[in-house]
Amino acid sequence: MPMKVCKAVFPAAGLGTRFLPATKAQPKEMLPIVDKPIIQYGVEEALAAGCDQIIIVTGRGKQSIEDHFDVSYELEKMLEERKKTDLLKIVHSISDMIHMAYVRQKEALGLGHAVLMARELVGQEAFAVLLADDIIDAQEPCLKQMMRVFEETQCSVIATQVVEGPAISAYGVLDVKPADGRFDGRLFEINSMVEKPKPEDAPSNLAIIGRYILTPRVFEILASTPHGSGGELQLTDGLMALLREQRIYAYVYEGRRYDAGDKLGFLKATVELALKREELGDKFREYLKGLKL
Ligand code: UTP
């Protein structure tokens, strides 16, 4: 029986230091882009890709994420009484977002460690990992594109994007070989990867971005990988070890990504996604045109 991916893990226990002071008392994942918190974009993508269980790895001060996806009786009752049916529908649809589970990462010991926290909830199944910071606007949701690759290959898949110039140093970077032009030449087989290399040491211009489909073997590997400097366990270290045992594919997704965990990326996402909104786009475009830039 081919494996199917039903569970999506959202590591959301990071400290969000790039967004201080906004993230001092509220999680970065709850900052709104237009009118939805960052993490809701990712959860909607996972649902659209066919996942029916969402696992969020949270940490201290992240209670509002759980509240957001929970039923809000008082709010729903008030909207019902005031006959605000449109708003009621919106609020209801959030808490209806299927099965949500939460697990704590007690200390922010790195992305690999955060993923490992989901081990018991995921079990022996292939699963998706989405970093909510990366908001991807695409005709076919990015994770759904990756699901097609997984269904055909039954191997782990990492989403990748071409990043030109010195900016590549901010990413994990892939050393790859083409996978015979499959998936319109978007598929590559990974030879190796390196975390945040100097531009001159980058093995390619293919950067790892925040979408992964992984086989459950990665949990055993992460559990036995020593933590690196600063006590952190990086996902890349686990993936390097997985690569010694299993094939991993890189897939150049189609779509536009915003790094909403970064101030400039957050602003770009806000402007571009607002322009695309039916009820806002025209008025917002008019406003922007009137600015003296
Ligand atoms: P980032 O590198 O963006 O770190 O983490 P961060 O702490 O969220 O933000 P900055 O850089 O300090 O501003 C990538 C993803 O991994 C999660 C984060 O929540 C984010 O989704 N993460 C990171 C954890 O869940 N636990 C960790 O220990 C580290």
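Everything below is about the structure printed above this text.
Let us look at the structure shown here.

Another point: the site of the ligand. Lining the immediate surroundings of the ligand are 17 residues, of which T17, R18, K28, Q105 and G110 lie closest. Backbone polar atom of L15 to an oxygen atom of the ligand: 2.7 Å apart, as the coordinates give it. Between the ligand and R18 there is a distance of 2.7 Å, counted from an oxygen atom to a backbone nitrogen or oxygen. Starting from 560 Å² of accessible surface for the ligand in isolation, the protein chains cover 80%.

Moving on, we get to the packing of helix α9 (residues 217–224) against helix α10 (residues 235–243). Packing of α9 against α10 leaves a shortest axis separation of 9 Å and a crossing angle of 115 degrees. The crossing of α9 and α10 is right-handed. Along the contact surface, α9 presents R217, V218, I221 and L222, while α10 presents L235, G238, L239, A241 and L242. Across the contact of α9 with α10, the residue classes tally to seven nonpolar, one polar and one charged.

Strand direction decides the pairing type here: strand β9 (residues 172–178) and strand β10 (residues 187–195), joined by seven bridges, are antiparallel. What sits directly across from V176, in β10, is I190.

Here we come to the state of the cysteines. Note on terminology: a disulfide is the covalent bond linking the sulfur atoms of two cysteines. This structure, assessed with the given rule, holds zero disulfides. Here C142 stays free of any disulfide, with the sulfur of C51 as its closest cysteine sulfur at 12 Å. Of all cysteine sulfurs in the structure, the one in C142 sits closest to C155, which takes part in no disulfide; the separation is 18 Å. A relative accessible area of 15% places C155 in the buried class.

Among all positions of α9, only V218, F219, I221 and L222 are buried. In an axial view of α9, the angular spread of the buried residues amounts to 165 degrees, which keeps them on one side of the axis. The secondary structure elements touched by the buried residues of α9 are α5 (111–116), α6 (119–122), β6 (127–130), β11 (206–214) and α10.

Burial of strand β8 (residues 156–162) is extensive: five of the seven residues sit out of reach of the surface. Relative to strand β12 (residues 248–252), β8 runs parallel, the two sharing five bridges. Opposite I158, over in β12, you have A250 as the bridge partner. Of the strand pairs in this sheet, β8 and β11 are connected by five bridges, and their pairing is antiparallel. Residue T160 lies in a different strand from β11, and its bridge partner there is I208.

Here we take up the environment of I248. Among the structural elements, I248 can be located in strand β12. Separated by 59 residues in the primary sequence, I248 and E189 have C-alpha atoms spaced 6.3 Å apart. If sequence neighbours within four positions are ignored, I248 has contacts with S156, I158, F188, E189, I190, L239, L242 and L243.

The next subject is the packing of aromatic side chains. Scanning the entire structure with this criterion turns up four aromatic pairs. Here F19 and F266 contribute two aromatic rings whose centre-to-centre distance is 5.1 Å and whose plane-to-plane angle is 70 degrees, an arrangement assigned as edge-to-face. Of this pair, F19 sits in the loop between β1 (7–11) and β2 (32–33) while F266 sits in helix α11 (residues 263–276), and the two are 247 residues apart along the sequence. On the basis of relative accessibility, which here comes to 14%, the residue F266 falls in the buried class.

Quick notes on the rules
Residues numbered from 1 in each chain as written. Predicted model: local features only at pLDDT ≥ 70, side-chain atom pairs only at ≥ 80, totals over all residues. Heavy atoms only, no water. Near = heavy atom within 4 Å. Polar contact = N/O pair within 3.5 Å; in protein donor to acceptor, adjacent residues only side chain to side chain. Areas by Shrake-Rupley, 256 points an atom, 1.4 Å probe, with all protein chains shown as cover. Axes fitted to C-alpha atoms, helices over the stretch in contact; angles between N-to-C directions. Helix = DSSP H or I, 4+ residues; strand = E, 2+ residues; numbered from the N terminus. Left-handed = near helix turned anticlockwise from the far one by under 90°. Contact = heavy atoms within 4.5 Å. Nonpolar A, V, L, I, M, F, W, Y, C, P; charged D, E, K, R; others polar. Pairing = 2+ DSSP bridges. Disulfide = S-S within 2.5 Å. Buried < 20%, exposed > 50% of the residue type's maximum accessible area, 1.4 Å probe, protein only. Arc of directions from axis to C-beta. Phe/Tyr/Trp six-rings, centres within 6.5 Å; stacked < 30°, edge-to-face > 60°.

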